[in-house]
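For reference, the chains in residue letters:
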Amino acid sequence: MDATAMPSGPAPGPSRGRGRRGGCLGAIVIVVAVVVGLPVTITLVNDAAARRIENELVALPLPACTERVGSASRAAKLTGNGNGMQYLGAIFVRSELSIADLQAYYDDASDSTGLSVTVSDAGALDDMHGGPIGAGLPSGTRIVWAWGDGPGELFEEFDIRGH
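Here is a short report on the structure shown in this document. A quick note: this is a predicted structure, and the numbers were derived from the prediction, not measured.

Re the overall build of the protein
Line of reasoning, step 1. Tallying secondary structure elements over the protein gives three helices and four strands in all.
Line of reasoning, step 2. The linear arrangement of helices and strands in the protein, starting from the amino end, is α-β-β-α-β-β-α.
Line of reasoning, step 3. Looking at the protein as a whole, 28% of its 163 residues qualify as buried.
Line of reasoning, step 4. In the protein, the proportion of contacts linking residues at least 24 apart, taken out of those at least 6 apart, comes to 68%.
Line of reasoning, step 5. As displayed, the protein offers around 10,000 Å² of accessible surface, 59% of which is attributable to carbon and sulfur atoms.

Shown next as structure tokens:
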């Protein structure tokens, strides 16, 4: 046998240490993705639930002599104490109609959506946790608003805004 011949056997591969670091790095990336991604996903899903309520209100036809000047939605613990998520949608309108007439109109219109709609003067939602809804609206603006349901217990329990 020739002394310069290489011994047969498997070719040298990557060092064991490098493979372990890659595995640890992968595990760290997965943990970070879950820790960051889960709260972001939960927040986005809850915000979408509140926007759904806003969109249902926007989709309702407006009564005569009324114009929509804006809309808003919010998902959080908005009123009261304790834990729990609340989902609110609102539209802001200017109208020649009284609040009572607007309420009667939206009582009839809300039968088709299942929403329980309330009509108030601007400023009625100023005492919400997290700040007023519709702040800075001109006097005479009415807020047409409704509470709605969220996407489910998982999303409500793990959203920090509900605690």
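Re the pattern of salt bridges
Side chains that differ in sign of charge can pair as their charged atoms come close.
Line of reasoning, step 1. Counted according to the given criterion, the structure contains five salt bridges.
Line of reasoning, step 2. Of the charged contacts, one joins D159 and R161 as a salt bridge, the two residues approaching to 2.7 Å between their closest N and O atoms.
Line of reasoning, step 3. The buried category is assigned to D159, whose relative accessible area is 1%.

Examining the packing of aromatic side chains
Line of reasoning, step 1. For the structure shown, the criterion picks out two aromatic pairs.
Line of reasoning, step 2. Arranged with centres 5.1 Å apart and planes meeting at 90°, the rings of Y105 and Y106 form a pair that is edge-to-face.
Line of reasoning, step 3. Y105 sits in the partly exposed class, given a relative accessible area of 26%.
Line of reasoning, step 4. What makes Y106 buried here is its relative accessible area of 0%.
Line of reasoning, step 5. With centroids separated by 6.0 Å and ring planes inclined at 90°, the aromatic side chains of W145 and W147 adopt a geometry described as edge-to-face.
Line of reasoning, step 6. The exposure class of W145 is buried, given its relative accessible area of 13%.
Line of reasoning, step 7. Here W147 falls in the partly exposed class, since its relative accessible area comes to 33%.

The rules behind these values
Residues numbered from 1 in each chain as written. Predicted model: local features only at pLDDT ≥ 70, side-chain atom pairs only at ≥ 80, totals over all residues. Heavy atoms only, no water. Helix = DSSP H or I, 4+ residues; strand = E, 2+ residues; numbered from the N terminus. Buried < 20%, exposed > 50% of the residue type's maximum accessible area, 1.4 Å probe, protein only. Contact = heavy atoms within 4.5 Å. Areas by Shrake-Rupley, 256 points an atom, 1.4 Å probe, with all protein chains shown as cover. Salt bridge = Lys/Arg side-chain N within 4 Å of Asp/Glu carboxyl O. Phe/Tyr/Trp six-rings, centres within 6.5 Å; stacked < 30°, edge-to-face > 60°.

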